[in-house]
Amino acid sequence: MKTSIFQNAIATLRNNLSAARCAVSLTAAALLLSACGDKLDESPDARLIDIDTPEKVSLLLTSGYPSAVPAVICELMGDNLVDNNVVVPATHNDAYDLFHEEAYKWEDITSYSSGTDDTPLEIWDKNYKGIAVANHAIAAMREMSLDPAHDPNLSYSWGEAHVLRAYLHFLLVNVFAEAYKDDVQSMNDWGIPYVTETEDVVKIDYSDTRYRKKVAEVYRLIEQDLLEGIDYIDDSKYKVPAYHFNRNAAYAFAARFYLFKRDYEKCLNYANAALGTNPATSLRKWASMSANTISTLLNAYNDETAACNYLLLTTYSLQDRMLSACRYAINSGLTNSDPKLSVPSTKDIIYEGGGPNWSSRLPAFDGKIYRWGAGSEYGSWLFRVYEYFEYTDKIAGIGYVHIIYQPLTAEETLLCRAEAKLYLGDRAGAIQDLDFWTKSKQISNDLTQEGIDRKYAGTPSNNIWVNDIHPQEMSSEFRLLTGADRHVLDCILHFRRIETHFEGLRWFDIKRYGITVHHAYRGPQDYEVTHDYLEWNDPRRVVQIPYNAIDAGYPSSDRTPINQTDGDELSVRPLVAPIQ
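Structure report, in brief.

Procedures and definitions
- Residues numbered from 1 in each chain as written.
- Predicted model: local features only at pLDDT ≥ 70, side-chain atom pairs only at ≥ 80, totals over all residues.
- Heavy atoms only, no water.
- Phe/Tyr/Trp six-rings, centres within 6.5 Å; stacked < 30°, edge-to-face > 60°.
- Helix = DSSP H or I, 4+ residues; strand = E, 2+ residues; numbered from the N terminus.
- Buried < 20%, exposed > 50% of the residue type's maximum accessible area, 1.4 Å probe, protein only.
- Polar contact = N/O pair within 3.5 Å; in protein donor to acceptor, adjacent residues only side chain to side chain.
- Contact = heavy atoms within 4.5 Å.
- Lys, Arg positive; Asp, Glu negative; His and termini not counted.
- Salt bridge = Lys/Arg side-chain N within 4 Å of Asp/Glu carboxyl O.
- Core = buried A, V, L, I, M, F, W, Y, C linked by side-chain atoms within 4.5 Å.
- Axes fitted to C-alpha atoms, helices over the stretch in contact; angles between N-to-C directions.
- Parallel < 35°, antiparallel > 145°, perpendicular 65-115°, else oblique.
- Left-handed = near helix turned anticlockwise from the far one by under 90°.
- Nonpolar A, V, L, I, M, F, W, Y, C, P; charged D, E, K, R; others polar.

Overview of the packing of aromatic side chains
Inference 1: Tallied over the full model, the rule gives 35 aromatic pairs.
Inference 2: When the centroid spacing of 5.8 Å and the interplanar angle of 40° are considered together, the rings of Trp358 and Phe495 count as tilted. Here Trp358 is found in the loop between helix H14 (346-352) and strand E6 (369-371), whereas its partner Phe495 is found in helix H19 (residues 483-500), with 137 residues between them in sequence.
Inference 3: Using a relative accessible area of 9% as the deciding quantity, one classes Trp358 as buried.
Inference 4: Taking the relative accessible area as the measure of exposure, Phe495 reaches 0% and is therefore buried.
Inference 5: Ring geometry for Tyr370 against Trp381: centres 5.7 Å apart, planes inclined by 20°, an arrangement best described as stacked.

If you want it as structure tokens, here you go:
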């Protein structure tokens, strides 16, 4: 992505949010269960006065894409990062923010203030604001037409609004609720408020069951919105399709949704629609990405014209700075005579440990993995999470930190399809898709069943690439895979872990497969190491509802372990050096 395009994306986000403020401020306040400031005096009708043309509806929807994603929280709670205070001798680093330590310990995340990037409040706030935007757009279209879905001037916005609303609720339910199990079991788990209407009062009781839904109900409503909108998406209406729910992004989301719901036929159909007859043409062209500077790498990776980038989100995020603080990192593990006290090397799993048809580092990553000045022993990271800095005062060196995320890509959709094929009995087709993935990462060797069997043999206790999964404990409808099928599943989960690291999707895989997670941590003032295990049925897998919503009366999540009773102006940092 060119810098000018990035700046335009930020300007568009701000200008559209400002232009649409009358339409969303009151509802967003209600969704947050808090006051909304000077907009409270506006009459409800005034909010839609200016949203009276198809062009204005389209403009309004642009402001519905969230500027916050749960990547930081999900990465900290998952198994990609290790605590350097444990694995590096004599290290006593603080976390970049205190709430990072709470997330890593699977505690209630409360140590932050309003406006702090990457927090549960920002995720809740920004996603429900996006939902409010979608609801107002839908309401405005209903005012303009008796049948907006079939109105040639509105149908594409009708489709975008419904798919966006579905996606934002999908993101929220996978963060703030249990994983989907099945339609029966998931009626026992509280989900989130599913909001489909505009509101004309300041404070809504979203704990009322009219809004607060069980997980199964949330999934049913997501599917309803998704199917209502997906066929009306029209890429020709967007100046930059990658910043909207274009057709491929909608198909990719549908493939992921049905994978999580275990409707493998529909997952396969939507993945096919996104990838086309030859997925190799859609995958990222790593060989053409220059590693001269981190800026050139970022520009290429975030290119809005790249076929692999189905959807791009411009966010306010400090994930890069969290990693540079040297507390939590992708790093070597710790070997202990007691295997239960050992810490696996996430550096080997993600970067250096090879795969079923390659040894050591993926060739695509050569020259593209970076570290901070403290040394390689403090961890490393792929360039893709490096920040863009938007100056508000160049002399003072202050401004806003942005990271562009790729929540929907051709690569992840290909891995969704491989998993669907495996469960549909097409193991050879799954391996073929996995081979497409490795070829896109510049692996010349063919992927075979024999190579997969060698790499993913053994058990989680003696093979760090094998997952300790518990799907059948979660749902009897989850088919248990054994033998060669199980090895292919572990290969898929490994590739997904590599592909989506820093995006937070590994955490969703951990939840939906009941994967056991082991965290070892030591506070900066501590000398004893604490080992904790998150089992498949541990309620700490649910991120606690933001504190302000709880203070306003929304029920908190019960996260008792099963085995137990604003500062947005930041200074600019120097560049970093790649690991050779």
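Some remarks on the side chain of Arg327
Inference 1: Looking at the secondary structure, you find Arg327 in the loop between helix H13 (319-324) and strand E5 (328-329).
Inference 2: Take Arg327: its relative accessible area is 0%, and that puts it in the buried class.
Inference 3: A polar contact is formed between the side chain of Arg327 and the side chain of Tyr328, at a distance of 3.5 Å.
Inference 4: When residues no more than four places from it in sequence are discounted, the contact partners of Arg327 are Val82, Asp83, Asn84, Asn85, Asn93, Asp94, Ala95, Glu101, Arg522, Gly523 and Pro524.

Considering the side chain of Asp182
Inference 1: Tracing the backbone shows Asp182 in the loop between helix H8 (155-176) and strand E2 (190-193).
Inference 2: In this structure, Asp182 is buried with no salt-bridge partner, the nearest side chain bearing the opposite charge being Arg262 at 4.9 Å.
Inference 3: Only 2.6 Å separates the side chain of Asp182 from the backbone nitrogen of Gln185, close enough to count as a polar contact.
Inference 4: Looking at Asp182, its side chain comes within polar contact range of the side chain of Ser475, at 2.6 Å.
Inference 5: In this view, Asp182 contacts Arg262, Ser475 and Glu477; residues no more than four positions away in its chain are not counted.

A closer look at the nonpolar core
Inference 1: Of all hydrophobic cores here, the largest spans 147 residues; its most connected members are Phe245, Phe253, Trp381 and Phe383.
Inference 2: Counting 14 residues, the second largest nonpolar core, distinct from the first, contains Val57, Leu60, Leu61 and Met141.

A short note on the packing of helix H15 (residues 410-423) against H19
Each pair of packed helices can be described by the angle between their axes along with the distance between the axes.
Inference 1: Closest axis-to-axis distance for the H15/H19 pair is 10 Å, and the angle between their directions is 165°. With respect to H19, the element H15 is oriented roughly antiparallel. The two elements H15 and H19 meet at a crossing, and its hand is left-handed. Contacts between H15 and H19 involve Glu411, Glu412, Leu415, Cys416, Ala418, Glu419, Leu422 and Tyr423 from the former and Asp485, Val488, Leu489, Ile492, Phe495, Arg496, Glu499 and Thr500 from the latter.
Inference 2: In terms of residue class, the contact of H15 with H19 is built from 9 nonpolar, 1 polar and 6 charged.

Brief notes about the packing of helix H11 (residues 264-275) against H15
Inference 1: Where H11 contacts H15, the axes come no closer than 9 Å and their chain directions differ by 145°. Every pair of crossing elements has a handedness; the one defined by H11 and H15 is left-handed. Two secondary-structure elements touch here, H11 through Tyr264, Cys267, Leu268, Ala271, Asn272, Ala274 and Leu275 and H15 through Ala410, Thr413, Leu414, Cys416, Arg417, Ala420, Lys421 and Tyr423.
Inference 2: Taken together, the residues of the contact of H11 with H15 break down into 11 nonpolar, 2 polar and 2 charged.

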